[in-house]
Amino acid sequence: VLWLIGLGLYDEQDITLRGLNAIKKCSRVYLEAYTSILLCDKQRLEELYGKPVVVADREMVESEADTILAGADTGDVAFLVVGDPFGATTHTDLQLRARERGIQVSVVHNASVMNAVGACGLQLYRFGESISIVFFTDTWRPDSFYDRIVHNRKAGLHTLCLLDIKVKEPNLELLARGKTVYEPPRYMTINTAIEQLLEVEDRRKEGAYNRGTLCAGLARLQAEDQLIVSGSMAEVMETDFGAPLHCFVIAGQTHEVEGQMMDLYSVSRLLAAGQIKQRVHVEAEEEEEDDGTLHGF
């Protein structure tokens, strides 16, 4: 059996009892470590499971799936995923490969950012299509996500923005010289995401959102120091969210209860209570007002 087991959002304690029992009967345990990360180290997982855990990077999962699947037709192999097993298409692909080989697949679900984002006060059934925001480079500044935000905002729906993670990425300049050297891990912050979003709006000029658009930033969901901050894009962009992982929501049209919940996490309220601090000051620009509708339509 190939077990696809969700680990939840934060640390080793978030696994379900069903998932833990499955791991304990597996001969090999792999931890997928590039679509997301747990906020604890591998050693704590190994201490809880009572067996070694093999970290599976992108190259192993996408190019060496046979290594992971080896023996799963006659024994039990666990593939651990931060969040829920079906939070990324890679995990669906692994299941398809297993079934093509006649290997039984069992899935143990868990909490993921896709449902935990409701902690910000916006109701899950009012979310539209989620988007991913990647790090811009000097030569690559994609904006394909913009059209999906436009679609969501036209319908009055909220947009969950999943932020880029760079883990075990090769240095391209050295790779061209025949040397494989990996860059340090990078995790996109909410601040960077908003800066890039506003850059795209300045370029596209279709009025999907602006500096005054209501949004929410969420950092380290499920952790003891979890942080949720709501406000305009301009306000949230100047908030220090601390360590990863971060995600971000662009609000659509909100009803009264959602507004009340979002107000609990407002920048002004949290600053007054001393619960947040602003990041290093940058030159402020005049903030536009946004009533939740698309100004370009």
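Residues numbered from 1 in each chain as written. Predicted model: local features only at pLDDT ≥ 70, side-chain atom pairs only at ≥ 80, totals over all residues. Heavy atoms only, no water.

**Describing the overall build of the protein**
Phase 1: The number of helices and strands found in the protein is twelve helices and twelve strands.
Phase 2: Taking 2.2 N^0.38 as the reference for a compact globule, 297 residues should give roughly 19 Å; the C-alpha atoms of the protein span a radius of gyration of 21 Å, in line with that estimate.
Phase 3: Judged by the C-alpha coordinates and their principal axes, the protein covers about 65 × 50 × 35 Å.
Phase 4: Looking at the protein as a whole, 48% of its 297 residues qualify as buried.
Phase 5: Taking the contacts inside the protein whose residues are at least 6 apart along the sequence as the reference set, 75% of them involve residues at least 24 apart.
Phase 6: Counting every atom, the protein has about 14,800 Å² of accessible surface; 49% of that belongs to carbon and sulfur.
Phase 7: Computed over 29 positive and 46 negative side-chain charges, the separation of the two mean positions in the protein equals 6 Å. (Helix = DSSP H or I, 4+ residues; strand = E, 2+ residues; numbered from the N terminus. Rg over C-alpha atoms; globule rule 2.2 N^0.38 Å. Buried < 20%, exposed > 50% of the residue type's maximum accessible area, 1.4 Å probe, protein only. Contact = heavy atoms within 4.5 Å. Areas by Shrake-Rupley, 256 points an atom, 1.4 Å probe, with all protein chains shown as cover. Lys, Arg positive; Asp, Glu negative; His and termini not counted. Charge placed at Lys NZ, Arg CZ, Asp CG, Glu CD.)

**Quick look at the pattern of salt bridges**
Phase 1: One pass over the full model with this rule turns up 19 salt bridges.
Phase 2: Measuring nitrogen to oxygen at the nearest pair gives 3.7 Å for the salt bridge that ties E46 to K42. A residue pair is termed a helical-turn pair when its members lie 3 or 4 positions apart in one helix, as E46 and K42 do in helix α2 (residues 42-49) at four residues.
Phase 3: On the basis of relative accessibility, which here comes to 23%, the residue E46 falls in the partly exposed class.
Phase 4: Judged by its relative accessible area of 34%, K42 falls in the partly exposed class.
Phase 5: In this structure, the salt-bridge partner of D225 is R220, at a minimum N-O distance of 3.2 Å.
Phase 6: With a relative accessible area of 45%, D225 lands in the partly exposed category.
Phase 7: Residues joined in a network through salt bridges with shared partners are R141, D143, D147, E199, R203, R204 and E206. (Salt bridge = Lys/Arg side-chain N within 4 Å of Asp/Glu carboxyl O.)

**What about the sheet that holds strand β11 (residues 227-232)?**
Phase 1: Within the open sheet, the five strands sit side by side as β6-β7-β12-β10-β11. Their pairing is mixed. Unpaired on one side and paired on the other, β6 (131-133) and β11 mark the two borders of the sheet. The mean inter-strand angle of the sheet, taken between neighbouring strand axes irrespective of direction, is 25 degrees.
Phase 2: Two strands pair when backbone bridges link them, and β6 and strand β7 (residues 159-163) are joined in this way by three bridges, in the parallel orientation. What sits directly across from I131, in β7, is C161.
Phase 3: In this fold helix α7 (residues 145-154) packs onto β6, β7 and β12 (246-250), with an angle of close to 140 degrees to the strand it touches most, β6.
Phase 4: Where helix α9 (residues 190-204) meets the sheet, its contacts fall on β6, β7, β10 (214-219) and β12, and the angle it forms with β12 comes to roughly 40 degrees. (Pairing = 2+ DSSP bridges. Axes fitted to C-alpha atoms, helices over the stretch in contact; angles between N-to-C directions.)

**Observations regarding helix α1 (residues 17-24)**
Phase 1: Buried within α1 we find G19, L20, A22 and I23. On an axial view of α1, the arc spanned by its buried residues comes to 160 degrees, and they lie on one face. Opposite the buried face of α1, at more than 90 degrees from it, the exposed residues are L17, R18 and N21.
Phase 2: In this fold, the buried residues of α1 make contact with β1 (2-6), β2 (28-32), α2, β4 (77-81) and β5 (105-108). (Arc of directions from axis to C-beta.)

**Quick word on the packing of aromatic side chains**
Phase 1: Here the structure, examined in full by the defined rule, presents one aromatic pair.
Phase 2: The cationic tip of R186 hangs over the ring face of F135; the distance from NZ or CZ to the ring centre is 3.9 Å. (Phe/Tyr/Trp six-rings, centres within 6.5 Å; stacked < 30°, edge-to-face > 60°. Lys NZ or Arg CZ within 6 Å of the ring centre and 35° of its normal.)

**Focus: the side chain of D57**
Phase 1: Along the chain, the position of D57 falls in the loop between β3 (54-56) and α3 (58-63).
Phase 2: A distance of 3.3 Å separates a polar atom in the side chain of D57 from the backbone nitrogen of E59.
Phase 3: A polar side-chain atom of D57 sits 2.9 Å from the main-chain amide nitrogen of M60.
Phase 4: Contact partners of D57, with chain neighbours within four places excluded, come to Y34 and K168. (Polar contact = N/O pair within 3.5 Å; in protein donor to acceptor, adjacent residues only side chain to side chain.)

Such coordinate-based values are descriptive only and should not be taken to indicate function.
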